[in-house]
Amino acid sequence: MNGISIFMYHQVGHFESMATHRAVYCDVNRFRAQMRYLKLIGATVLSMSEASDLLRFGAPIPPRAAVLTFDDGCENFYEHALPVLQDFGYPAIVYAIAGLAGGRGEWLAADGLPVPELMSYARLRQIADLGIEIGSHSRHHLRLGELPAAQATAELRDSKRQLEEVLGRAVPHVCYPYGSHTLDTVLAAAEVGYTSGVTCQRAAATAAFDPLALPRKAISFGDNVVGFAWKLHAKNAPKGTAIKRTAFA
Ligand SMILES: [Zn+2]
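These remarks concern the structure in this document. (Residues numbered from 1 in each chain as written. Predicted model: local features only at pLDDT ≥ 70, side-chain atom pairs only at ≥ 80, totals over all residues. Heavy atoms only, no water.)

Some thoughts on the coordination of the zinc ion
Protein coordination at the zinc ion: the donors are Asp 72 (OD), His 137 (NE2) and His 141 (NE2), at 2.1 to 2.2 Å from the metal. Between consecutive donor residues of the zinc ion, the sequence gaps follow D-x64-H-x3-H. In this structure His 141 comes out as buried when scored by relative accessible area, which is 6%. (Donors = N, O, S within 2.8 Å, 3.2 Å for Na, K, Ca; no water. Buried < 20%, exposed > 50% of the residue type's maximum accessible area, 1.4 Å probe, protein only.)

Topic: the environment of Gly 102
For Gly 102, the location among the structural elements is in the loop between strand S6 (93-96) and helix H4 (121-129). It is 19 Å that separates the C-alpha atoms of Gly 102 and Val 24, two residues lying 78 residues apart in sequence. With residues up to four places along the chain from it excluded, the contact list for Gly 102 reads Leu 118, Met 119 and Ser 120. (Helix = DSSP H or I, 4+ residues; strand = E, 2+ residues; numbered from the N terminus. Contact = heavy atoms within 4.5 Å.)

As for helix H3 (residues 75-88)
Residues three or four positions apart in an α-helix share a direction because the helix packs 3.6 residues into each turn. For H3, with 14 residues, the first-to-last C-alpha span of 20 Å sits near the 20 Å given by 1.5 Å per residue. Remark: the principal bend of H3, roughly 45°, maps to Ala 81, with a proline, Pro 83, within the next four residues. Within the span of H3, buried status applies to Glu 75, Asn 76, Phe 77, His 80, Ala 81, Leu 82, Val 84, Leu 85 and Phe 88. Once H3 ends, the next one or two residues include Gly 89, with phi positive near 70°. (Expected span 1.5 Å × (residues − 1). Bend = angle between axes of the 7 residues up to and from the residue.)

Digging into the pattern of salt bridges
Inspection of every chain in the model, using the stated rule, returns 10 salt bridges. Put simply, Asp 87 and Arg 32 hold a salt bridge, and the shortest N to O gap is 3.1 Å. Placement of the pair is Asp 87 in helix H3 and Arg 32 in helix H1 (residues 28-40), with a sequence separation of 55 residues. In this structure, Asp 223 and Lys 231 form a salt bridge, with 2.6 Å as the shortest nitrogen-oxygen distance. (Salt bridge = Lys/Arg side-chain N within 4 Å of Asp/Glu carboxyl O.)

Thoughts on the side chain of Thr 69
With respect to the helices and strands, Thr 69 occurs in strand S5 (residues 65-72). Given the relative accessible area of 0%, Thr 69 is considered buried. Within the structure, Thr 69 has its side chain in polar contact with the backbone oxygen of Phe 7 (distance 2.7 Å). Once residues lying within four places of it in the same chain are set aside, the contact partners of Thr 69 are Ile 6, Phe 7, Met 8, Tyr 9, Ile 93, Tyr 95 and Arg 216. (Polar contact = N/O pair within 3.5 Å; in protein donor to acceptor, adjacent residues only side chain to side chain.)

This is the structure in structure tokens:
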């Protein structure tokens with residue numbers, strides 16, 4: 001069974017070399033080389049909506065299928081990642097934090113990392129008009145799996161509503177901050193109307209996964225084209241059991 005490599009990026013740009021938190025950063029030249037590699041091998045880069053439909057309806061998945069996801073909605077997506085995506089004509093999804101758009105990624109300060117600027121709603125509308133999908137990354141970037149149920153549900157529901165209102169588009173895709181989710185989180189995401197959800201578990205996404213708990217493959221600062229190629233082709237059975245509702249439509 002072919003899987004879909006849902007790649008996870010956060011920030012793209014020019015960064016100093018680092019020893020920790022490497023999964024948060026991708027050098028823009030490396031990013032371009034990774035996209036060139038996808039082009040070279042004839043990979044099928046799908047939008048999240050296309051991938052989600054293929055997985056949910058059990059349709060055949062093309063070989064070397066990939067999705068490009070960008071967490072947090074940093075302004076450096078617009079500055080550095082978007083021009084590369086446009087050069088290659090690749091779709092992508094940005095998971096924006098509804099309550100922090102136009103602000104700063106203050107939560108990174110706790111790890112001693114620079115605090116990035118987050119795209120404003122005007123910017124999110126602009127990139128949506130250019131064909132970039134906007135998903136929800138909750139309202140306040142909290143660990144949903146550790147919140148009281150009502151609060152987690154509100155984070156999922158209110159972020160969806162707010163993004164839909166401001167963008168004037170449906171927001172059917174969600175990304176759980178820090179990958180934190182439980183079965184209750186997944187049930188709540190379904191309840192408020194999401195049709196896809198992504199985690200930080202590492203594996204290729206197949207129809208065997210719950211559509212609201214799809215695994216991804218994190219791209220690290222150290223990933224040159226060889227590392228990237230290895231991740232693309234790896235099946236990576238997830239560690240532990242992936243969360244799955246007993247029945248889902
Ligand atoms: Zn995040």
